[in-house]
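Here's the letter readout for the chains.
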Amino acid sequence: MAVEYQTEAILLAARDWSVADRVVTLFSREYGIIRAMAYGARKPKSKLGGGLQPFTHLSLAMTAGKGMDAVKQCEVQTSFREIREDLTKLAYANFIAELATGLWPERQPEAAAYDTLLAVFRLLAVRNPRISALAGAWQLLALAGFQPEYERCVQCGKKLIFPVSFSFAAGGSTCAECSLANDPVFHQADQKFLEQVCTLDLDNPGQFAVNARILVNIETLLYGFVRHQLERPLKSLEFINRINSL
């Protein structure tokens, strides 16, 4: 007899499967990442189709399966339609979703990561998506154990004197003696802003301004750091680059 269970989840990705079905990637508070089949979701009269949209916050009834679980019912808690209707918000939301699926394996419960994801999407829907995604991404990396070191050299342990270099391979800042020629430069103003976004209260961020150069520097560090830690290019970063070049 099939085992049924209830869960709350955020839909990170969906793709069509066969004629009428859809495969969805969910991030659940209780179960972590779940890849599941939504049978018949693409049929015009399906009750699942309208709810299974990217970045939707859902309550779900699921059936466990040997290969892949199945979505039996879904109820929308928060649609986040604002994200799907804005190309820039959509680009940064795709980045956050791709990052989350790359940082955690399937079926590994991560309640703090789930709460952070939900907070990021809430912020993306109403605030500057570029800064929202930046803060969310650094905080997700920290939860996954990839918080960069920027107070002491990650190679020799020496206390850093800015400006310093940032090593993607080593996972943080390096002193002048340990840095490599191609490592990006990391200034004290960059460090202060990075610390600010890493500790930002995503549920109540308040108002703040940032210099454009510093913003670009921290984004460059983030994207290089992510590529190195995940050991693969992210399709969502290509999407962001295209959007920003328009």
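Anyway, here's the lowdown on the structure attached to this text. Each chain carries its own residue numbering, running from 1 in the written order of its sequence. The model is predicted, so local features are restricted to residues of pLDDT at least 70 and side-chain atom pairs to those at 80 or more, both for listing and for counting; the totals for chains, interfaces and linings are taken over all residues. Derived side-chain values reflect all non-hydrogen atoms in the structure, with water molecules and hydrogen atoms excluded from consideration.

Glancing now at the pairing of strand β6 (residues 164-167). A pair of strands is labelled paired if DSSP reports no fewer than 2 bridges between them. Each helix corresponds to a stretch of at least 4 residues labelled H or I by DSSP, and each strand to a stretch of at least 2 residues labelled E; elements are numbered beginning at the N terminus. Sheet topology note: the β6/strand β8 (residues 185-186) ladder contains two bridges and is antiparallel. By the bridge assignment for β8, Ser165 is matched with Val185. As paired strands, β6 and strand β7 (residues 172-174) are joined by three bridges and run antiparallel to one another. Along β7, the bridge assignment pairs Phe166 with Ser173. Turn length for the β6-β7 hairpin, with the two strands adjacent in sequence and antiparallel, is four residues, and the turn residue Gly171 shows positive phi of about 85 degrees.

Each packed pair of helices is defined by two parameters, the angle between the axes and the distance between the axes. Note on geometry: axes are lines fitted to C-alpha atoms, helical ones only across the stretch in contact, with angles between N-to-C directions running from 0 to 180 degrees. At a minimum axis separation of 9 Å, helix α2 (residues 87-103) and helix α4 (residues 129-143) run at an interaxial angle of 5 degrees. With respect to α4, the element α2 is oriented roughly parallel. Residues Thr88, Lys89, Tyr92, Phe95, Ile96, Leu99 and Leu103 of α2 lie in contact with α4, whose contacting residues are Pro129, Arg130, Ala133, Gly136, Ala137, Leu140 and Leu141. Throughout, the term roughly parallel applies to angles under 35 degrees, roughly antiparallel to angles over 145, roughly perpendicular to angles from 65 to 115, and oblique to all others. Two residues qualify as a contact provided that any one of their heavy atoms is within 4.5 Å of a heavy atom in the partner residue.

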